[in-house]
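Remarks on the overall topology
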Amino acid sequence: MRSHYCGSLNETLIDQTVTLCGWVHRRRDHGGVIFLDLRDRDGIAQVVFDPDTEEHFELADSVRNEFVIQVTGRVRARPEGTENAEMTTGKIEVLGKELVILNKAETPPFQLDDHQTVGEDVRLKYRYVDLRRPEMLNKLRLRSRITNKIRNYLDDNGFLDIETPILTRATPEGARDYLVPSRTHEGSFFALPQSPQLFKQLLMVSGMDRYYQIAKCFRDEDLRADRQPEFTQIDIETSFLDEEQIMGLTEGMIRELFQDVLSVDLGDFPQMPYSEAMEKYGSDKPDLRIPLQLVDVKDLMATVDFKVFAGPAKDPKGRVTALKVPGGASLTRKQIDEYTKFVGIYGAKGLAWIKVNELAKGVEGLQSPIVKFLGADVSLALMERVEAKDGDIVFFGADSGKVVTEALGALRCKLGEDLDLYTCEWAPLWVVDFPMFEENSDGSLTALHHPFTAPSCSAEELKADPEAALSRAYDMVLNGCELGGGSVRIHDQKMQETVFDVLNISEEEQQEKFGFLLDALKFGAPPHGGLAFGLDRLVMLMTGANSIREVIAFPKTQSAACVMTAAPGEVSATQLRELNIRIRKTP
């Protein structure tokens, strides 16, 4: 039906006859000459109809935005002074000779070039219209290119693309499962996979050696800008490689991807222990573009006659930390109050601060309501500890270690964004040496990643001091976002049983939830490990989008609903009876 895509037209085609198909992006009537901007997946071309072709001129006069048409005409150079440098086809136009209306269109719910004034709910309801916008097309085109590059890289490195089941059984992986009732097994349920974790380990036991899959995963959890109930994961697992080799292989993939797609050289990825990331940056995914660090001042605050600081300073589980912002003394009281509200989201009860006006004057050169409580010696020692200079502001957090770390870590990122403190465009790193376990509020332990992550110690050492154990896990971080995470897995049955014992998972529960994996470990499981990347998040970063919803063709809303298809929806009583399910109405 067409000879060329609209975006492929250029000066080499002048005087040639072409046939184009697409949507009318814009129609203009200029004194008896009709201009149609015709749009398809590859771009926009200007088509001109003049009254010489009477029949087709009248037809062109009747078309409206988003009509689907076919045009045949001659390519010619645009008249001097009418070129459009903002269009790739801006030096040429098509003189229309024939026009066929393939389909008419109602007035769209919003103008494609005026989408920014439209609410996201409207865009999602009419997503098929929203996706016609060139910027949305470009994001999905880039997503396709990214997945193609990833597949080629993994294929070239000997990985096999193997699918794993969608209908499986529930396993504890940190979030709620989406459950699917079974019609043929009354009272039983499938679970949609939160990840292919257990199956990819079984593939290693099967001798597949190197596996990958671009897999759909599902988690029933509260959503935010970079979360969806169904998401796409680049899942990778390999045998007989240690963590350094796995990290090197996948780092090479990401570096090559950025070089080929964005012409960006990410360079070598530094490695940072988890403890350093939390101590200096307040996050296990630090944004190294921001040149701000948290500084521990607990020792200086232990003797002050000010309970706000002295209490946490004397508490073994407390933390007192300073965050210096160069040039931040210019912040207004209103701005500081806004930042105080912000850290309150993370449980902080307040946000103390000191402005450094003129350090040479000693304590008289400091401006803050807390200086009188700290005393001159401590106040000046704090300034020396954080290497403060005139014009700086120093924020302080004092509370439990968890609250201070999360609150000041988040404040660090917000200040970096608000004050545009970024020192570079891209800042990748590996975070390594994670703890094996974290403590729950009741004192019990839970796996920081998942219970199949291998520790870096022996089973005996793990059992003797589980809280001190580090894991062989690693996360790839870029610009404060976790691109992917993985670990070397447990391949030894004794070690796996030890981890379950530490987590207080009984033998009955082990067999019920992981019996098939534990059985497989008895039959010669090789040393293996892997990593999973969030494809949606990766594409979001590479396209500069603000949300992963912008890089998914048909995303869900933040309430996990699809406004376009009205899903989830009710089902018939017949279907419920077949599944032996009865809906209990809330009184």
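Attention here is on the structure that accompanies the text. Positions within a chain are numbered from 1, following the residues in the order the chain's sequence is written. Where local features are concerned, this predicted model is filtered to residues with pLDDT of at least 70; where side-chain atom pairs are given and counted, the filter is 80 or more; whole-chain, interface and lining totals use all residues. Processing note: side-chain calculations cover all non-hydrogen atoms of the structure and skip hydrogens and water entirely.

Scanning the protein chain from N- to C-terminus turns up 18 helices and 22 strands. Burial status follows relative accessibility: with a 1.4 Å probe on protein chains alone, a residue under 20% of its type maximum counts as buried, one over 50% as exposed, and anything between as partly exposed. Across the 587 residues in the protein chain, those meeting the buried criterion constitute 49%. By definition in these notes, contact holds between two residues if any of their heavy atoms fall within 4.5 Å. Of the contacts formed within the protein chain by residues at least 6 apart in sequence, a portion of 67% connects residues at least 24 apart. Method for areas: the Shrake-Rupley scheme with a 1.4 Å probe, in which residue coverage is limited to the protein chains shown. When the accessible surface of the protein chain is split by element, carbon and sulfur atoms take 49% of a total near 29,300 Å². For the protein chain, the distance from the average site of its 68 positive side-chain charges to the average site of its 93 negative ones is 4 Å. A run of H or I in DSSP counts as a helix once it spans at least four residues, and a run of E counts as a strand once it spans at least two, with each numbered from the N terminus. Here the positive residues are Lys and Arg and the negative ones are Asp and Glu; neither His nor the chain ends is included. Here the site of a charge means atom NZ of a Lys, CZ of an Arg, CG of an Asp or CD of a Glu.

With that settled, consider the pairing of strand β20 (residues 473-478). Burial within β20 is extensive, with 6 of its 6 residues counted as buried. Side chains A473, D475 and V477 of β20 all project onto a buried face; the interleaved residues Y474, M476 and L478 project onto the opposite face, where all are buried too. A pair of strands is labelled paired if DSSP reports no fewer than 2 bridges between them. Two elements, strand β17 (residues 428-432) and β20, share 5 bridges in a ladder whose sense is antiparallel. Paired with P428 across the bridge in β20 is L478. Both β20 and strand β21 (residues 481-488) contribute to a ladder of 6 bridges, which runs antiparallel. Within β21, the residue paired with L478 across the bridge is C481. Connecting the antiparallel pair β20 and β21 is a turn made up of 2 residues, with N479 showing a positive phi of about 55°.

In space, the 5 strands of this open sheet follow the order β12-β13-β16-β14-β15, with antiparallel pairing throughout. One side of each edge strand has no neighbouring strand; the edge strands of this open sheet are β12 (294-296) and β15 (366-367). By the bridge criterion, 4 bridges tie strand β14 (residues 352-356) to strand β16 (residues 393-400) in an arrangement that is antiparallel. Paired with K355 across the two strands is I393, which belongs to β16. In this description, a line fitted to the C-alpha atoms serves as the axis of each element, helices being fitted only across the stretch in contact, and the angle between N-to-C directions of two axes falls anywhere from 0 to 180 degrees. Packed on one face of the sheet, helix α13 (residues 401-418) meets β12, β13 (318-325) and β16 and runs near 150° to β16.

What follows concerns helix α9 (residues 307-314). Those residues of α9 that fall on the buried side of the exposure criterion are F309, A310, P312 and A313. Residues of α9 that are buried make contact with α8 (298-301), β13, β14, α11 (371-374) and β16.

So, on to a negative patch on the surface. Grouping into patches uses exposed residues only, defined as over 30% relative accessible area, and leaves out salt-bridged ones; the cut-off is 9 Å for like charges and 5 Å for nonpolar side chains (Val, Leu, Ile, Met, Phe, Trp, Tyr). Here, a salt bridge means any Lys or Arg side-chain nitrogen found within 4 Å of an Asp or Glu carboxyl oxygen. Among the surface-exposed residues, D492, E497, D501, E507 and E508 lie close enough to one another that they form a single negatively charged patch. Among the elements of the structure, α15 (493-502) and α16 (507-521) are those that each provide at least two residues to the negative patch. Along the chain, E508 falls in helix α16. Residue classification places E508 among the exposed residues on the basis of a relative accessible area of 61%.

The residue T232 is located in strand β10 (residues 230-239) in this model. A relative accessible area of 8% means that T232 is categorised as buried. Not counting chain neighbours up to four residues away, the residues in contact with T232 comprise R143, I214, A215, K216, F533, G534, L535 and D536.

Take a nonpolar patch on the surface next. A contiguous nonpolar surface patch, about 290 Å² in accessible area, is contributed by M1, V100 and L102. Considering the arrangement of structural elements, one finds M1 in the segment before β1 (17-30).

If you look at the biggest cluster of nonpolar residues, it comprises 42 residues, and the most contacted ones within it are I146, I254, F258, F533 and L538. Of all the elements, helix α6 (residues 243-262) adds the most residues to this core, at 8 residues. Aside from chain neighbours lying at most four places away, what touches I146 is L257, L535, L538, V539 and M542. Ranked by size, the runner-up nonpolar core spans 27 residues in total, among them V205, F452, M495 and V502. Here, nonpolar core means buried Ala, Val, Leu, Ile, Met, Phe, Trp, Tyr and Cys residues that are tied together by side-chain atoms lying within 4.5 Å of each other.

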